[in-house]
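Structural characterization, general
Residues per chain are reported as follows:
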Amino acid sequence: MKNFTSVSDVEDLQEIIKKALQIKENPLSETEKGKGKTIGLVFLNSSLRTRLSSQIAAQNLGLNVLTLNAAQEAWNLEFADGAVMNGDTVEHIKDAIEVLNQYCGIIAVRCFAGMKSKEDDINENILSQFEKYAKVPVISLESATRHPLQSLADCITITENWNKEQKPKVVLTWAPHIKPIAQAVGNSFAEWMQQMDVDFVITNPEGYDLDKNFTKDTPVIHDQDEALKDADFVYVKNWSSFDEYAAMPEVKESWMLTNEKLANTNEAKVMHCLPVRRNVELSDEVMDGKNSIIYQQAKNRIFSAQAVFSEILDEITEK
Ligand code: CP
């Protein structure tokens, strides 16, 4: 694996899930693998799970870890090519990346959608600069359109919780929120589910359809109760409108997942990437209920990251 920014970077999804589950059994099986190498974790946005799980994963592999909370701790970055930097920005992103090249054998970056320009976000305005200027492997810690380490953890969690012959029905359901949220988690989950042996359905209100480039042939149902029927896994997530970019069209019906709605499922396991706004996106009763596998999902972020870092280290070592 040369880089890890989407499911396309994974050669064999079932193999990497298997590897992650082996790592979960024995997280310290490769403590020498990263010895003498450094991973830079660069956060342009806030994080709890991604930052800490990546640090644990890197340490389990013996990597040196540099974590930079760039939004708070570094110079104000300029992203525009050819900018005359006589304003608030102090350091150009290409200079920052070139310096990271001097310090790190792997660069991992979190760069959310700006939610102002649809074009900039679709084109991954920031991640693409890391891909262009980095001379070492690049890992996405969530970008404008995708959250691949989360999606791999989601695949691991579904695999752990399914031991029947038939395919599980997996439903990605939109949830309410108080402010516009990017589509990255929903997009990414859709891409990864299309590679899994599952029956996958998306449900969201009218006006909230995700980008067709991600949902492809996945059925999109605008009636949540109909979509939830016989579900084995329900993945709860909010996102803002893609068509009317970053808007929040009014939704009259109640979309928050409750036990009453869950009764319509096949005793579905409930997933959410966290952080969650309790009693807005997801009710306390579901969050704390017996069907929630949300903390297990969060724990699996470690093994998702460790499996990916390990594969990237294979690539570096082979050179
Ligand atoms: N799920 C997730 O990415 O969590 P953080 O934003 O806290 O990293």
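Since the structure is predicted, the reported quantities are computational estimates derived from the model, not experimental observations. (Residues numbered from 1 in each chain as written. Predicted model: local features only at pLDDT ≥ 70, side-chain atom pairs only at ≥ 80, totals over all residues. Heavy atoms only, no water.)

**Things to note about the sheet that holds strand β11 (residues 269-271)**
Pairing in this open sheet of 5 strands is parallel, and the strands run β9-β8-β7-β10-β11 from one edge to the other. The open sheet terminates on both sides in strands that have one partner only, identified here as β9 (220-221) and β11. Both strand β10 (residues 233-237) and β11 contribute to a ladder of 3 bridges, which runs parallel. Bridge pairing in β11 links Val-234 to Val-270. (Pairing = 2+ DSSP bridges. Helix = DSSP H or I, 4+ residues; strand = E, 2+ residues; numbered from the N terminus.)

**Brief notes about the packing of aromatic side chains**
Applying the stated criterion across every chain, the model contains 7 aromatic pairs. Judged by centre distance (6.1 Å) and plane angle (65°), the ring pair of Phe-4 and Trp-192 falls under edge-to-face. With a gap of 188 residues between them, Phe-4 in the segment before α1 (13-25) and Trp-192 in helix α8 (residues 184-193) connect regions that are remote in the sequence. Residue Phe-4 is classed as buried on the basis of its relative accessible area, which comes to 0%. Between the aromatic rings of Trp-174 and Trp-255, the centroid separation amounts to 5.9 Å while the plane-to-plane angle is 85°, which identifies the pairing as edge-to-face. Highlighted residues: Trp-174 in strand β7 (residues 169-174) and Trp-255 in the loop between β10 and α11 (259-262), separated in sequence by 81 residues. Accessibility classification places Trp-174 together with Trp-255 in one group, the buried group. The ring of Phe-242 carries Lys-118 above its face, with NZ or CZ at 4.1 Å from the centroid. (Phe/Tyr/Trp six-rings, centres within 6.5 Å; stacked < 30°, edge-to-face > 60°. Buried < 20%, exposed > 50% of the residue type's maximum accessible area, 1.4 Å probe, protein only. Lys NZ or Arg CZ within 6 Å of the ring centre and 35° of its normal.)

**Concerning the site of the ligand**
In the region of the ligand, the neighbouring residues are Ser-47, Leu-48, Arg-49, Thr-50, Arg-110, His-147, Gln-150, Cys-273, Leu-274 and Arg-301. Within the contact set of the ligand, an oxygen atom lies 2.7 Å away from a backbone nitrogen or oxygen of Leu-48. At 3.0 Å from a nitrogen atom of the ligand is found a side-chain nitrogen or oxygen belonging to Gln-150. Out of a free accessible area of 250 Å², the ligand has 94% covered by protein chains. Classifying every residue of the shell around the ligand gives 3 nonpolar, 4 polar and 3 charged. (Near = heavy atom within 4 Å. Polar contact = N/O pair within 3.5 Å; in protein donor to acceptor, adjacent residues only side chain to side chain. Areas by Shrake-Rupley, 256 points an atom, 1.4 Å probe, with all protein chains shown as cover. Nonpolar A, V, L, I, M, F, W, Y, C, P; charged D, E, K, R; others polar.)

**Considering unusual backbone geometry**
The omega angle of the peptide bond from Leu-274 to Pro-275 is 5°, so this bond is cis rather than trans. By the element assignment, Pro-275 lies in the loop between β11 and α12 (284-287). Of note in this structure, Met-115 is not a glycine but carries a positive phi near 65°. Summarising the element assignment, Met-115 is placed in the loop between β5 (106-110) and α5 (118-122). Of note, the phi angle at Glu-142 is positive, near 115°, even though the residue is not glycine. Looking at the secondary structure, you find Glu-142 in the loop between β6 (138-140) and α7 (148-160).

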